[in-house]
Amino acid sequence: MNTDEPLTYVYAVARQTEPLGKLLTTLRGVGRAPVELLADPSDAGPAPLAFVVSPVPHGEFDETALKDHFEDLQWLEDVARAHHDVVQAVAAHATVLPLRLATVYQSDSRAGRALAGQHETFARRLAELDAHTEYGVKIYVPPPAAPTPEHPADAGAAAPTTPGKAYLQRRRAQHHARETVYGQAEQAAATIEAIAARYTSQRVRHAPQTGALTGPQENVLNDAYLIPDEHAEQFRAALAQAARDFPDLRVEVTGPWAPYSFAGPPAEAPAPADTEERAP
């Protein structure tokens, strides 16, 4: 195998159209490589399915190199940002089916055969995503308040008589406050689900985010919804109105996004990039 030949990096599936082709002439992908459409050679329709692709160096994206690069957070960030930028740019002009990060084939011809082999699956998913956009909805609860010393003047007749009892009383009050705010979060989640049910039947429940992504607040809900474009404004307005009923919480709505959460193939279908077709 000639390792001097570039590999084919695939960002997404879309339909080949003249406007999309013109858009891609202005885009740069991973490693600032030019982006283009690779059409399904078996699709004779007016808007054939196509991979959105760019060439990448063999020595940086073959199987051995990828195993090493996946431990390099800066490399991952750079590739993920380039991947996302291409997918979002396409999504702004056409229905797009994003593929997973670092989907790579040995050549354009192998990528084309993989596209043809998955034609029915890709066509069905694109049809389901037409005129729909992904929105994210997150709920955050505030960090627990630290127990504060109770001032004797505020204690009243029922105040504990020892520092230990006073501390336990403050801890019980703190615990009660946390139970209250979690109860509000459950009510908010139920309200959001009821609102979303009026506009879409597709939801993906992601694991709550943790660590630096959330800051001092705790993320307790992290859902994605696939919303028809014609209802997007009503959906966002209804969520904003509902959030006012829960002032102790932060309800965050993000989007519009390319439908990453809804791009996976059905369970009975093979993954878009068959490992046998990936670069060795």
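This report concerns the structure included in the present document. Note that the structure is a prediction, hence the values are computed from the model and not measured.

Quick notes on the rules
Residues numbered from 1 in each chain as written. Predicted model: local features only at pLDDT ≥ 70, side-chain atom pairs only at ≥ 80, totals over all residues. Heavy atoms only, no water. Helix = DSSP H or I, 4+ residues; strand = E, 2+ residues; numbered from the N terminus. Buried < 20%, exposed > 50% of the residue type's maximum accessible area, 1.4 Å probe, protein only. Contact = heavy atoms within 4.5 Å. Areas by Shrake-Rupley, 256 points an atom, 1.4 Å probe, with all protein chains shown as cover. 1 Å grid on protein atoms, 1.4 Å probe; cavity = no way out; pocket = protein on both sides within 12 Å on 5 of 7 lines; lining within 4 Å. Points joined across faces, edges and corners; volume = space filled by probe spheres on them. Nonpolar A, V, L, I, M, F, W, Y, C, P; charged D, E, K, R; others polar. Core = buried A, V, L, I, M, F, W, Y, C linked by side-chain atoms within 4.5 Å.

### Side note on the overall build of the protein chain
Each helix and strand counted, the protein chain has nine helices and eight strands in total. Split into buried and exposed, the 280 residues of the protein chain put 40% on the buried side. Contacts in the protein chain between residues at least 24 apart in sequence constitute 78% of all its contacts with a sequence separation of at least 6. Surface summary for the protein chain: the accessible area is close to 15,200 Å², and the carbon and sulfur share equals 54%.

### Section: the layout of surface pockets
Reported here for the largest pocket is a volume of approximately 450 Å³. Top element by residues in the lining of the largest pocket is strand 5 (residues 132-141). It accounts for four residues. Per-class residue counts for the lining of the largest pocket are five nonpolar, seven polar and three charged. Estimated volume of the second largest pocket: approximately 210 Å³. Contributing to the lining of the second largest pocket are 16 residues, with Ala91, Ala94, His132, Thr133 and Trp257 lying nearest its centre.

### Some points on the nonpolar core
The biggest cluster of nonpolar side chains holds 29 residues, and the ones touching the most others in it are Tyr9, Tyr11, Leu24, Val30, Val52 and Phe61. Elements with a minimum of two residues in this core: strand 1 (7-15), helix 1 (18-24), strand 3 (49-56), helix 4 (73-91) and strand 4 (97-105). The element contributing the most residues to this core is helix 4, with eight residues. Non-local contacts of Phe61, meaning those with residues more than four positions away in its chain, are made with Leu7, Tyr9, Val30, Val56, Leu66, Trp75, Val79 and Val104. With 22 residues, the next largest nonpolar core counts Ala185, Phe235, Ala238 and Phe246 among its residues.

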